[in-house]
Amino acid sequence: MDRIFDDLMIGFFFRNADRNRIKLLEFQFTARVLGADIEYEGRPLEQAHAPHPIMGGQFARRLQILRETLDEFQVPEAVRTAWLDHTESLRSLITRDRGSDCDPAEARRKALAHTS
């Protein structure tokens, strides 16, 4: 999560977020997905992400940061695959964009709509 918070492309989404709280929620969510008996205390993902104009390319950036982190920590392939596949399956809850392209004009429109 530190890499995501500090990332130039997507970190701005977290500028008002409590880093430690987000880390805890991410841990709970991921641990639960991977089979741990841990309760996720956060809001449903669709509700939590709805206020943010997240585009497909930004979703892809987060996924790439996850890939790099999993590689760096040499996470076993079965866990890595399950984690990445599950993350990709959440795309429609996070962004309406089906692909990973970013259209600058559309990004501007979404950002302006988000601030009004």
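Described in the following lines is the structure provided in the data block. Computed from a predicted model, the values in this text were never measured in an experiment. (Residues numbered from 1 in each chain as written. Predicted model: local features only at pLDDT ≥ 70, side-chain atom pairs only at ≥ 80, totals over all residues. Heavy atoms only, no water.)

1. Section: the layout of surface pockets
What counts here: Lining residues are defined by having an atom within 4 Å of a point belonging to a cavity or pocket. Those points lie on a 1 Å grid over the protein atoms alone, cavities being sets where a 1.4 Å probe fits but cannot get out and pockets being open sets with protein on both sides within 12 Å along at least five of seven lines. Grid points are joined across faces, edges and corners, and a volume is the space filled by probe spheres set on the points. A run of H or I in DSSP becomes a helix once it reaches four residues, and a run of E becomes a strand once it reaches two; helices and strands are each numbered from the N terminus. Asp, Glu, Lys and Arg are counted as charged, while Ala, Val, Leu, Ile, Met, Phe, Trp, Tyr, Cys and Pro are counted as nonpolar; the rest, among them Gly, fall into the polar class.
Considered as a void within the structure, the second largest pocket measures approximately 340 Å³ in volume. Lining the second largest pocket are 15 residues, with Met-1, Glu-26, Leu-66, Thr-69 and Trp-83 sitting closest to its centre. Counting only elements with at least two residues in the lining of the second largest pocket, the list comes to α1 (2-6), α2 (19-33) and α4 (56-72). A total of five residues in the lining of the second largest pocket trace back to one element, the largest contributor, which is α2. Split by residue class, the lining of the second largest pocket holds eight nonpolar, two polar and five charged.

2. Things to note about α2
Test applied: By definition here, a helix of n residues has an expected span of 1.5 Å times n minus one. With a 1.4 Å probe rolled over the protein chains alone, any residue whose accessible area is under 20% of its type maximum counts as buried; one over 50% counts as exposed, and the rest are partly exposed. We call two residues in contact when some of their heavy atoms are within 4.5 Å. Pairs of N or O atoms are called polar contacts if they sit within 3.5 Å, as long as, within protein, a hydrogen donor faces a hydrogen acceptor (for residues adjacent in sequence, only side-chain-to-side-chain pairs).
For α2, with 15 residues, the first-to-last C-alpha span of 21 Å sits near the 21 Å given by 1.5 Å per residue. What α2 keeps buried is the set Ile-22, Leu-25, Gln-28, Phe-29, Thr-30 and Ala-31. Those residues of α2 hidden inside the fold are in contact with α1, α3 (45-49) and α5 (77-89). Among the residues of α2, the N-terminal cap falls to Asp-18, whose side-chain oxygen and the backbone nitrogen of Asn-20 are separated by 3.0 Å. Following α2 by one or two positions, Gly-35 adopts a phi angle in the positive range, close to 105°.

3. Points about the packing of α4 against α5
Which entries qualify depends on this criterion: Angular values range over 0 to 180 degrees, each being the angle between N-to-C directions of two axes fitted as lines to C-alpha atoms, with helices fitted over their stretch in contact. Between 65 and 115 degrees an angle is taken as roughly perpendicular, under 35 as roughly parallel, over 145 as roughly antiparallel, and anywhere else as oblique.
Contact geometry for α4 and α5: axes closest at 11 Å, N-to-C directions at 170°. Here α4 lies roughly antiparallel to α5, going by the angle between them. The residues of α5 that touch α4, namely those facing Phe-59, Arg-62, Leu-63, Leu-66, Arg-67, Leu-70 and Asp-71, are Arg-80, Trp-83, Leu-84, Thr-87 and Glu-88. Residues that form the contact of α4 with α5 fall into these classes: six nonpolar, one polar and five charged.

4. Topic: the pattern of salt bridges
What counts is decided by this rule: The salt bridge definition used is simple: a Lys or Arg side-chain nitrogen within 4 Å of an Asp or Glu carboxyl oxygen.
For the coordinates displayed, the defined rule picks out eight salt bridges. With a shortest N-O distance of 2.6 Å, Arg-3 and Glu-72 are connected by a salt bridge. On the criterion of sequence distance, the pair formed by Arg-3 in helix α1 and Glu-72 in helix α4 is long-range, its members being 69 residues apart. Exposure remark for Arg-3: the relative accessible area of 35% places this residue in the partly exposed category.

5. Remarks on the nonpolar core
Soluble, globular proteins show a tendency: their nonpolar side chains are buried together. Worth spelling out the cut-off: Buried Ala, Val, Leu, Ile, Met, Phe, Trp, Tyr and Cys residues that are joined via side-chain atoms within 4.5 Å together make up what is termed a nonpolar core.
Membership of the largest hydrophobic core comes to 13 residues, with the highest contact counts inside it found for Ile-4, Ile-10, Phe-13, Phe-14, Leu-45, Leu-90 and Ile-94. Of all the elements in the fold, those that place two or more residues in this core are α1, α2 and α4. Leave out the neighbours within four places in its chain, and Ile-4 touches Ile-10, Gly-11, Phe-14, Arg-62 and Ile-65. One finds Leu-63, Leu-70, Val-75 and Leu-84 within the second-largest nonpolar core, a separate group that totals five residues.

Just distances and angles here, no functional claims.
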